[in-house]
Structure formats: C-alpha cells, structure tokens
Amino acid sequence: MDVFIPILLLVFGMVLLIKGADFFVDGASNIAKALRIPTLIIGLTLVSIGTSAPEFAVSLNASINSENEISFGNIVGSNIFNTFVVIGVSAIITPLAVSKNVRKFDIPILLGIYGLLILFGFVSSPNIINLWESIIIFSLTIIYTVFLILRETKEHQHIEDEKKNEKKKPWWLNLIFVAVGLTGIIWGGDLVVDNAVILAEKLHISEEIIGLTIVAIGTSLPELVTSIVAARKGENDIAVGNAIGSNIFNIILILGFCSILAPAVVTDSSLLDVIIALFSGIVVFVFAFKSYKINRWQGIVMISLYALYLTFLVLRELSIF
C-alpha cells in the first residue's frame, strides 16, 4: 500500500507530460504557421522535438536535482524502447517500408552518435560527460536540424503549400495551448522524477533501473502512439522516422543540454545499456537494408529482444548477472 500513491502520482505525471506535449506542439505549430514559418520546418523541428518533450522534462528535472542515474537511464532506456518496441509493434501491425533517406542518413547518424556517446562517457573521460563533451553533443542538434531542413526542402521543393483556407485557431487560444502545455510538461516532469525516486527507495531497487524501465517506457508513449497510428494509416516513413529521429534528438538535444547544466555521471553498468542501444540500432540497420522494409517476423524478433533486455535488467538488479 505504501507504493500505491507514488505509482498513482507517477502515472498522473506521465499523463501530464504526454498531454502537455500535445498541447504545446499544437499551440506552437499554429503560432509558427501564423508567423508564416514553412510547414516543413515546423514538422522537422517542433513536431519531431515535441514527441521528445517528456524525456526532456524528466531528464532536465533529474539533472537539476542531481538524480543523474534517472536522467541518463531515461534517455538510454527510451531509445532502446523506441527501437525495439515502437518500431517492432508498428511492423507487426503492418510491414514498414523504410525510406532511402532514413536508411542512408538517419540510421547511420544514430549509430555514429551512439559511438560518440561511448567515447565520451567511457573512454575520453570515464564515467562522466564533461562540459566540453556536452557542448559538442549539443552542437550536433543545430547541425542535424539544418541538415534535415536542407535535405527535406530539396526533396519537397515541388510540393504545394498547405491550403490557405484552412480554419485557424485564434492567436489567444494558441497562447493558452502553449502555456497549458508547458505547465503540464514542467509539473509532469517534476512528479515523475520525485515519485520515481520514492518508488525506487520503497521497492529497494536502483534509480537507474527505474529510469531504464518505468520512466523510459512512460516518456516514450508519445512515440509509440504516433508510430502505431502512422503504421495503421500506411504512413511508414512517419512510423520509422519518428522513432529514429526521436532517438537522435534524445541524445544530441536532451542529453547534450542537460549535461551542460550538470555534467552527466554514468555508471559502469550504463556502458552495457548504451551498447544494447547501439545493438538495437544495428538490428534496425540490418533489417532495413536487407529488404528495404521491416517485416512482421522482424517486428516479433525486436519485441522478443526487448523482453530479453528487461529480463537481463531484473537479473542484474538481483545481482544474478
């Protein structure tokens, strides 16, 4: 009974995070459109980063409160979940065709970023990501975003702009959406971190495990819902690109920014988690290049691999492995 209230508040915090991100993205997107910012740029920035808002809120809150294991574990755990579960479940719903750009650029970029994370966290400055390393990681956010905009602008230069007669919300309503969204993100992030720590103490398990599992899965729900809906509608690029893009921004934007505020302390056990995240990216890379799509049986394999990873975490926590 002692854990009921923290679990309830944790779930409530996740709901606030997810709905807050929805409100924020809707309001900010409408304001950007009113300012005549191209829809393509909005989609590649606000919407892409918006699905990572829950991870951002949780990791930022955890970093400020020196809960480094939750911050780092949340990012790595979310990436593993996004790759194995989000893409895996979407592929089971319908085989996913993987676009040339995702195969040629985004997946290799993600693998390279994982390699950089291993280099910074465990080789150049073991068990810590220092200020200069954090600045390098965060600067990749600007480089990658500019690259996306240039790439997609070239790809869609002949596509017509959206209809101008589309019904628009009043500016004051969009401001309310942004304010309510930010409030939900901030308050939700605070609730998730605080109650994750309480839950870890009451259940006598490490904050790292809480961050890698409960918090990571909860903050990845926007990506899961987005990709499932996209898969059911046949929007394969969104289903796969959403997960891969979110993983990239989780590291270069969220981890980079949070580590600038407070250097990320990474434990030795985190090395294996990062290697598993790298492995998950390699699995998608191999599946995507083998047949240019991810089939249902491959989706089942990815879900099974995530189940094995969760089993490994339990055994590691029990000091069996």
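Residues numbered from 1 in each chain as written. Predicted model: local features only at pLDDT ≥ 70, side-chain atom pairs only at ≥ 80, totals over all residues. Heavy atoms only, no water.

Help me out: how do you make sense of the side chain of N247 in this one?
Within the secondary structure, N247 sits in helix 10 (residues 236–261). The exposure class assigned to N247 is buried, which follows from its relative accessible area of 0%. (Helix = DSSP H or I, 4+ residues; strand = E, 2+ residues; numbered from the N terminus. Buried < 20%, exposed > 50% of the residue type's maximum accessible area, 1.4 Å probe, protein only.)

Just checking my understanding: could you explain the packing of helix 4 (residues 68–93) against helix 12 (residues 296–317) for this structure?
Packed helices, taken two at a time, are described by the angle between their axes plus the distance between the axes. With their axes 7 Å apart at the nearest point, helix 4 and helix 12 run at an angle of 145° to one another. Judged by the twist between their axes, the crossing of helix 4 over helix 12 is left-handed. Contacts between helix 4 and helix 12 involve I80, F81, T83, F84, V85, I87, G88, V89, A91, I92 and I93 on the former and, on the latter, R296, G299, I300, M302, I303, L305, Y306 and Y309. (Axes fitted to C-alpha atoms, helices over the stretch in contact; angles between N-to-C directions. Left-handed = near helix turned anticlockwise from the far one by under 90°. Contact = heavy atoms within 4.5 Å.)

Would you mind going over the packing of aromatic side chains with me for this structure?
The way to describe two aromatic rings as a pair is by their centre distance and the angle between their planes. Evaluation of the coordinates by the stated rule reveals 12 aromatic pairs. Both rings, one in F84 and one in F279, keep their centres 6.5 Å apart while their planes meet at 65°; by these two values the pair is edge-to-face. Within this pair, whereas F84 is found in helix 4, its partner F279 is found in helix 11 (residues 268–291), the two being separated by 195 residues in sequence. Residue class for F84 comes out buried when judged on its relative accessible area of 1%. Residue classification places F279 among the partly exposed residues on the basis of a relative accessible area of 41%. Ring pairing ties together the aromatic residues F105, Y144, F147 and F249, which thus form one cluster. Its end group placed over the ring of F289, R103 keeps NZ or CZ at 5.9 Å from the ring centre. Seen from the ring of Y292, R103 lies directly overhead, with NZ or CZ sitting 3.9 Å from the centre. (Phe/Tyr/Trp six-rings, centres within 6.5 Å; stacked < 30°, edge-to-face > 60°. Lys NZ or Arg CZ within 6 Å of the ring centre and 35° of its normal.)

Can you walk me through the nonpolar core in this structure?
Inside soluble globular proteins, nonpolar side chains tend to come together where they are buried. Core analysis: the largest hydrophobic core is formed by 57 residues, its most contacted members being I87 and I294. Those elements giving two or more residues to this core turn out to be helix 4, helix 5 (100–124), helix 6 (131–155), helix 8 (207–219), helix 9 (221–232), helix 10, helix 11 and helix 12. Considering each element in turn, this core owes the most residues, 12 residues, to helix 10. Excluding its chain neighbours within four sequence positions, the residues that come into contact with I294 are I87, A91, P95, L96, V98, V284, F287, G299 and M302. Grouped together as the second largest cluster of nonpolar side chains are 18 residues, A53, V58, I70 and A200 included. (Core = buried A, V, L, I, M, F, W, Y, C linked by side-chain atoms within 4.5 Å.)

Just to check I follow, could you spell out the pattern of salt bridges for this structure?
When the charged atoms of two side chains with opposite charge come close together, those side chains can pair. Within this structure, the stated rule accounts for 3 salt bridges. D106 is paired through a salt bridge with R151; the nearest N and O atoms lie 3.1 Å apart. One end of the pair, D106, is in helix 5; the other, R151, is in helix 6, and 45 residues separate them in sequence. We classify D106 as buried; its relative accessible area is 6%. With its nearest N and O atoms 3.1 Å apart, the salt bridge here joins D273 to R316. (Salt bridge = Lys/Arg side-chain N within 4 Å of Asp/Glu carboxyl O.)

Where do I start with helix 8 in this structure?
Each full turn of the α-helix corresponds to 3.6 residues, which orients residues three or four apart in the same direction. The end-to-end C-alpha distance of helix 8, which contains 13 residues, comes to just 16 Å, noticeably less than the 18 Å that a straight helix rising 1.5 Å per residue would cover. Taken across its 13 residues, helix 8 has 11 buried, putting it largely inside the fold. Taken as a whole, helix 8 has its buried residues at E207, E208, I209, I210, G211, L212, T213, V215, A216, G218 and T219. (Expected span 1.5 Å × (residues − 1).)

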